[in-house]
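The primary structure of each chain is shown beneath.
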Amino acid sequence: WMHAAEARTRGRASGWTTANTCFKRGASSNPPAKAPPSDVGAASDVVAALPGLGLALAVSQAGFALADGISAAVGAPVAGVPCAVLLGAGINNAVTLPKWVRPGLRTATGTVLRVGIVCVGAKLSASDVVSAGAYCVPAAAASVGAGLVLIPRVAAAAGLTPRLGSLLAAGTSICGVTAVSALAPAIAATQTEVACAVANVVLWGSLAMLVVPHAAHFLLGECPDAAGLWLGLAVHDTAQVMGAGLTYKQLFDDERAFNAAAVTKLTRNLALAAAIPALAVAHEKTVRSPARGVRGSGRVPGFLVAFVGMALARSCGDAYYGGGVGGGEAWRKGVNALGDGFGAKACLATALAAVGLNTGASSLVGVGVAPFAVGAVGSAIMGGVGLASALTLSELVRRSTTAAAGGESGDDPE
């Protein structure tokens with residue numbers, strides 16, 4: 001993710017060594033030239049990055065426009081970020097991109113991605129967990145926990161790299177593309193691995209969006225809360241969950257199930273603050289190998305610390321303004337604009353469009369079917385644990401309703 005920075009560091013280091021050697025050999029007659037000011041190099045880097053950044057930004061916005069068009073045609077929400085990734089990959093494979101856009105694409109998949117991850121922390125608040133309802137939290141914890149623990153093990157058994165296994169676990173268990181993009185730089189994932197994980201989210205999440213609403217009504221139609229809970233746990237990306245919820249609402253005229261699906265998905269998304277640093281540390285321990293010369297630092301990357309700090313700041317701000325202090329509405333609009341508008345729709349979308357623009361068809365041809373088989377197993381794990389939670393909730397509601405009806409019938413009015 002930091003190829004450009006490493007190249008600049010090596011270049012400056014070799015330049016310093018050459019100059020120092022010349023100085024030692026002939027200091028009196030040939031003094032070394034003064035190094036240019038650092039701000040000049042930084043300014044040139046910014047200028048060199050502008051064309052690629054502009055291209056990635058344009059592709060990301062075209063992806064959102066394409067998603068809006070598809071949504072209007074099919075009558076269900078379609079996520080813009082996967083469309084941007086696929087559009088970027090299509091452009092990269094259809095034409096040969098000039099070399100002068102590559103520095104900007106590297107900046108997009110490095111610095112811009114990290115800035116977006118930090119800003120996305122402004123979308124996460126502890127107060128949302130409290131308002132989500134008691135039944136969503138344990139169900140989401142069980143489902144997300146099972147996915148994060150089991151999917152990397154399935155990936156290892158299938159011969160996938162630990163990085164790809166972690167990406168598949170994050171994308172399947174937490175919140176789809178956003179989780180993939182948040183974890184990728186923390187574990188130094190390759191762009192091919194990122195593209196493969198995004199493709200899994202698109203494939204299996206879209207399939208679940210189409211199938212689960214019908215299965216939920218067949219199995220849990222008598223309990224809208226349980227049906228919505230399963231929709232929120234079994235489908236990957238937020239937009240896909242909204243699509244599944246709207247499908248259920250339109251087919252079966254059930255607003256309550258839609259609301260339960262939205263609240264459950266929000267609860268899953270909040271796991272991002274804890275799961276991403278945990279996966280990063282776990283991955284570092286997994287890949288540490290003296291034989292390969294790999295030695296981890298044992299520290300969580302700084303941008304993930306900033307990400308968690310941003311989520312804590314959002315939670316503290318919500319608690320402060322929730323006490324009746326004026327300005328609460330302006331606070332919520334501001335942090336939502338920072339997290340959703342700038343962080344997710346601008347920075348993360350631009351970074352993932354750049355991933356698509358760096359992805360060639362040849363790099364994906366060699367991955368085989370194993371990643372998608374692991375993605376299918378991961379989807380089955382999430383769907384199975386989610387269904388068990390939903391069936392448990394349905395049974396509890398049934399017993400509660402039966403007990404309440406028995407109590408009313410047993411009353412003896414005087």
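Coordinates for the structure precede this section.
Every value quoted in this text rests on a predicted model; they were computed, and no experiment measured them.

Roughly 800 Å³ of internal volume is contained in the largest pocket. As for the largest pocket, its lining consists of 31 residues, and the residues nearest its centre are Lys-123, Thr-178, Thr-238, Asp-340 and Ala-344. Looking at the lining of the largest pocket, the elements with two or more residues in it are helix 2 (38–74), helix 3 (80–94), helix 8 (177–183), helix 11 (238–252), helix 12 (255–270) and helix 15 (328–357). Broken down by element, the residue count for the lining of the largest pocket peaks at 6 residues, all from helix 15. Classifying every residue of the lining of the largest pocket gives 17 nonpolar, 6 polar and 8 charged.

Before going further, it helps to spend a moment on the packing of aromatic side chains. Applying the stated rule across the entire model yields 3 aromatic pairs. Among the aromatic residues, those joined into a ring-pair cluster are Tyr-320, Tyr-321 and Trp-331. Positioned above the aromatic ring of Phe-258 is the side chain of Lys-249, whose terminal nitrogen or guanidinium carbon lies 5.7 Å from the ring centre.

Quick look at the environment of Phe-303 now. As for its placement among the helices and strands, Phe-303 is situated in helix 14 (residues 302–321). Sequence-wise, Phe-303 and Ala-182 are 121 residues apart; in three dimensions their C-alpha atoms are separated by 9.8 Å. With near-sequence residues (within four places) excluded, Phe-303 lies in contact with Arg-114, Ile-117, Val-118, Ala-182, Pro-185 and Ala-186.

Examined against the element boundaries, Ile-70 turns out to sit in helix 2. Under the relative-accessibility criterion, Ile-70 is labelled partly exposed at 33%. Separated by 10 residues in sequence, Ile-70 and Gly-80 place their C-alpha atoms 9.9 Å apart.

Right, let's get into the side chain of Asp-225. Counting through the fold element by element, Asp-225 comes out in helix 10 (residues 224–234). Judged by its relative accessible area of 15%, Asp-225 is buried. At 2.8 Å, the side chain of Asp-225 forms a polar contact with the side chain of Arg-256. With residues near it in sequence (within four places) discarded, Asp-225 still touches Tyr-135, Arg-256, Ala-260 and Leu-393.

Over its 19 residues, helix 4 (residues 102–120) extends 26 Å from the first C-alpha to the last, a length consistent with the 27 Å expected when each residue adds 1.5 Å. At Ala-108, helix 4 shows its largest bend, some 35 degrees.

Where helix 9 (residues 191–220) meets helix 10, the closest approach of the two axes is 9 Å, and the angle between their N-to-C directions is 155 degrees. Considered as vectors, helix 9 and helix 10 are oriented roughly antiparallel to each other. Handedness of the crossing formed by helix 9 with helix 10: right-handed. Between helix 9 and helix 10, the residues in contact are Ala-208, Val-212, Pro-213, Ala-215, Ala-216, Leu-219 and Leu-220 and Pro-224, Ala-226, Ala-227, Trp-230, Leu-231 and Ala-234, respectively. Class assignment for the residues of the contact of helix 9 with helix 10 results in 13 nonpolar, no polar and no charged.

Ranked by internal contacts, the top residues of the largest apolar core, which has 53 residues, are Leu-167, Ile-174, Val-194 and Leu-272. Tallying contributions element by element places helix 7 (residues 162–175) first for this core, with 7 residues. Among the nonpolar cores identified, the runner-up in size contains 24 residues, and Ala-226, Leu-229, Tyr-248 and Ala-390 belong to it.

Here we come to the packing of helix 7 against helix 12. Look at helix 7 against helix 12: their axes get within 8 Å of each other, and the N-to-C directions meet at 140 degrees. Considering their axes alone, helix 7 and helix 12 lie oblique with respect to each other. For the pair helix 7 and helix 12, contact is made by Thr-172, Ser-173, Ile-174 and Cys-175 and by Lys-265, Arg-268 and Asn-269, respectively. Here the residues of the contact of helix 7 with helix 12 sort into 2 nonpolar, 3 polar and 2 charged.

Thresholds applied
- Residues numbered from 1 in each chain as written.
- Predicted model: local features only at pLDDT ≥ 70, side-chain atom pairs only at ≥ 80, totals over all residues.
- Heavy atoms only, no water.
- 1 Å grid on protein atoms, 1.4 Å probe; cavity = no way out; pocket = protein on both sides within 12 Å on 5 of 7 lines; lining within 4 Å.
- Points joined across faces, edges and corners; volume = space filled by probe spheres on them.
- Helix = DSSP H or I, 4+ residues; strand = E, 2+ residues; numbered from the N terminus.
- Nonpolar A, V, L, I, M, F, W, Y, C, P; charged D, E, K, R; others polar.
- Phe/Tyr/Trp six-rings, centres within 6.5 Å; stacked < 30°, edge-to-face > 60°.
- Lys NZ or Arg CZ within 6 Å of the ring centre and 35° of its normal.
- Contact = heavy atoms within 4.5 Å.
- Buried < 20%, exposed > 50% of the residue type's maximum accessible area, 1.4 Å probe, protein only.
- Polar contact = N/O pair within 3.5 Å; in protein donor to acceptor, adjacent residues only side chain to side chain.
- Expected span 1.5 Å × (residues − 1).
- Bend = angle between axes of the 7 residues up to and from the residue.
- Axes fitted to C-alpha atoms, helices over the stretch in contact; angles between N-to-C directions.
- Parallel < 35°, antiparallel > 145°, perpendicular 65-115°, else oblique.
- Left-handed = near helix turned anticlockwise from the far one by under 90°.
- Core = buried A, V, L, I, M, F, W, Y, C linked by side-chain atoms within 4.5 Å.

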